[in-house]
Amino acid sequence: MSMTQAKSARHIEPLLWSLFGAGGMAIAFLMPAVILIVGLLVPMGILPAEVLSYERLSAFFLESWFGRLCAFVIIVPALWGSIHRVYHGMHDLQIHAGTGIKVFCYGSVLVLTIATVALVL
Amino acid sequence: MSRRPYVRPMPANWFMSKPAYRFYMVREASCVFNLVYGLNLFAGLWQLTNGAEAWAGWLALQAHPLMIVFALATLAMTLLHTVTFVEMAPRVMPQQIRKMIPDNTVKAAMFGGIAVVTAAIIGFTAMGAM
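How each quantity is defined
Residues numbered from 1 in each chain as written. Chains lettered and ligands numbered in written order. Predicted model: local features only at pLDDT ≥ 70, side-chain atom pairs only at ≥ 80, totals over all residues. Heavy atoms only, no water. UniProt positions renumbered as here; feature names shortened; annotations may be inferred. Helix = DSSP H or I, 4+ residues; strand = E, 2+ residues; numbered from the N terminus. Buried < 20%, exposed > 50% of the residue type's maximum accessible area, 1.4 Å probe, protein only. Contact = heavy atoms within 4.5 Å. Phe/Tyr/Trp six-rings, centres within 6.5 Å; stacked < 30°, edge-to-face > 60°. Lys NZ or Arg CZ within 6 Å of the ring centre and 35° of its normal. Buried area = accessible area lost by both parts, 1.4 Å probe. Salt bridge = Lys/Arg side-chain N within 4 Å of Asp/Glu carboxyl O. Expected span 1.5 Å × (residues − 1). Bend = angle between axes of the 7 residues up to and from the residue. Patch = residues over 30% accessible without salt bridge, like charges linked within 9 Å, V, L, I, M, F, W, Y side chains within 5 Å. Areas by Shrake-Rupley, 256 points an atom, 1.4 Å probe, with all protein chains shown as cover.

(A) Highlighting the UniProt feature "transmembrane region" (unreviewed entry) in chain B. Residues and elements named next belong to chain B. The positions that UniProt labels "transmembrane region" (unreviewed entry) are, in the present scheme, residues 21-46, 66-87 and 108-129. As annotated, residues 21-46 comprises 100% helix and 0% strand, and the C-alpha atoms at either end are separated by 38 Å. Counting secondary structure, residues 66-87 comes out at 100% helix and 0% strand; the distance between its end C-alpha atoms is 32 Å.

(B) The arrangement of the environment of R27(B) in detail. Following the sequence through the fold, R27(B) ends up in helix 1 (residues 19-49). In this structure R27(B) comes out as buried when scored by relative accessible area, which is 11%. Taking the C-alpha atoms as reference, R27(B) lies 7.4 Å from M77(B); in sequence the two are 50 residues apart. The contact partners of R27(B), leaving out residues within four places of it in the chain, are R85(A), L80(B), H81(B), T84(B), F85(B) and M88(B).

(C) Here's a closer look at the packing of aromatic side chains. Inspection of every chain in the model, using the stated rule, returns 12 aromatic pairs over all chains. Here the aromatic rings of F60(A) and F66(A) are separated by 6.0 Å at their centres, their planes lie at 75 degrees, and the arrangement is edge-to-face. By relative accessible area, which is 17% here, F60(A) ends up buried. Measuring from centroid to centroid gives 6.1 Å for Y37(B) and F70(B), while their planes differ by 25 degrees, and the two rings are stacked. In this pair, Y37(B) sits in helix 1 while F70(B) sits in helix 3 (residues 65-92), placing the two residues 33 residues apart along the sequence. By the ring-pair criterion, three or more aromatic residues cluster together here, those being F60(A), F61(A), F66(A) and F124(B). Geometry around F124(B) places R56(A) over its ring, the cationic atom sitting 5.4 Å from the centre. Across from the ring centre of W65(A), 4.3 Å away, lies the NZ or CZ of R68(A), which sits over that ring.

(D) Spatial organisation of the interface of chain A and chain B. Contacts between the two partners involve 50 residues from chain A, matched on the other side by 56 residues from chain B. Buried surface at the junction of chain A and chain B, summed over both partners, amounts to about 4,700 Å²; 79% is from carbon and sulfur atoms. The largest contributions to the chain A side of the interface with chain B come from F29(A), Y54(A) and R85(A), which together make up 15% of the buried area. Counting across the interface, chain A meets chain B through one salt bridge. Note that E28(B) and R85(A) form a salt bridge whose closest N and O atoms lie 3.5 Å from each other.

(E) Quick look at helix 3 of chain B. The terminal C-alpha atoms of helix 3 of chain B lie 39 Å apart, and with 28 residues this matches the ideal 40 Å at 1.5 Å per residue to within 8%. At V86(B), helix 3 of chain B shows its strongest bend, of approximately 30 degrees, with the proline P90(B) following within four residues.

(F) Spatial organisation of helix 4 (residues 65-92) of chain A. Between the first and last C-alpha of helix 4 of chain A there are 41 Å, a value that for 28 residues agrees with the 40 Å anticipated at 1.5 Å per step. Two residues or fewer after helix 4 of chain A comes Q94(A), characterised by a positive phi angle close to 70 degrees.

(G) Representation of a nonpolar patch on the surface within the structure. Residue and element names in this part refer to chain A. Together, W65, F66, L69, F72, V73, V117 and L121 give the surface a local cluster of nonpolar side chains, amounting to about 730 Å² of exposed area. Top element by residues in the nonpolar patch is helix 4. It accounts for five residues. Counting through the fold element by element, V117 comes out in helix 5 (residues 99-120). Judged by its relative accessible area of 32%, V117 falls in the partly exposed class.

(H) Inspection of the UniProt feature "transmembrane region" (unreviewed entry) in chain A at higher detail. Residues and elements named next belong to chain A. Taking the UniProt record as the reference, the feature "transmembrane region" (unreviewed entry) is found at residues 15-45, 65-83 and 103-120. Along residues 15-45, the helical share is 87% and the strand share 0%, with 41 Å between the first and last C-alpha atoms. Summarising residues 65-83: 100% helix, 0% strand, and an end-to-end C-alpha distance of 27 Å.

(I) Layout of the pattern of salt bridges. Enumeration over the complete set of coordinates arrives at four salt bridges over all chains. Taking the shortest distance from any N to any O, the salt bridge between E28(B) and R27(B) comes out at 3.2 Å. Residue E28(B) shares its accessibility class with R27(B), and that shared class is buried. Measuring nitrogen to oxygen at the nearest pair gives 3.2 Å for the salt bridge that ties K107(B) to E87(B). With K107(B) in helix 4 (residues 103-126) and E87(B) in helix 3, this pair connects stretches of sequence that are 20 residues apart. On the basis of relative accessibility, which here comes to 32%, the residue E87(B) falls in the partly exposed class. Via salt bridges that share partners, R85(A), R27(B) and E28(B) belong to a single interconnected network.

So, in structure tokens, the structure goes:
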């Protein structure tokens, strides 16, 4: 690494790496239960449809602060963690993406993050 | 940054040469499933803000046979992520309370935590049926 690089401004990589870590944690702890309920138990009729009724979920995720926080924690870190791994996984598949793809990947997730906050507020 | 790093040529199927590499690639593939499922959940939240009819439409999509297959695959890949994540966590971030905590204690605490959180989410959701 040259001196100019070493001295250059702060890097964004540590931030992206922390978000990736948070995503790995959130996916490991929350996604098994979420996928089980939303993707399997309710669609297959093992849990009754009322558990995901509009009245119940809109009151929880859109009107209570704990519910808003839950919606954010379930969706947002998972997106950051996944996009980080998709972006770096491309390298493993011999796709050497440039800055444009990188900005598109992380930029899209940034837009979705802001949109998630806007949706629950 | 005007640099052109040397990229060592590799065969595109380099990961097929060793079982450990193949497992690594299967594990890494879980991120694609989690990304798509995350987008699906975002769409669900969006439809929830659009009213009861839009929400019902999103729920109907979840019950589509192809979506159920996708959910099954995503659950399997997510569990692979969960197990490998817990397995590596104490090695990536060794925990210390006065002295080093054994890896197995950290793993047991994490698996216990995941079990409690999973039971709590399913329990809280199932309460809506009463």
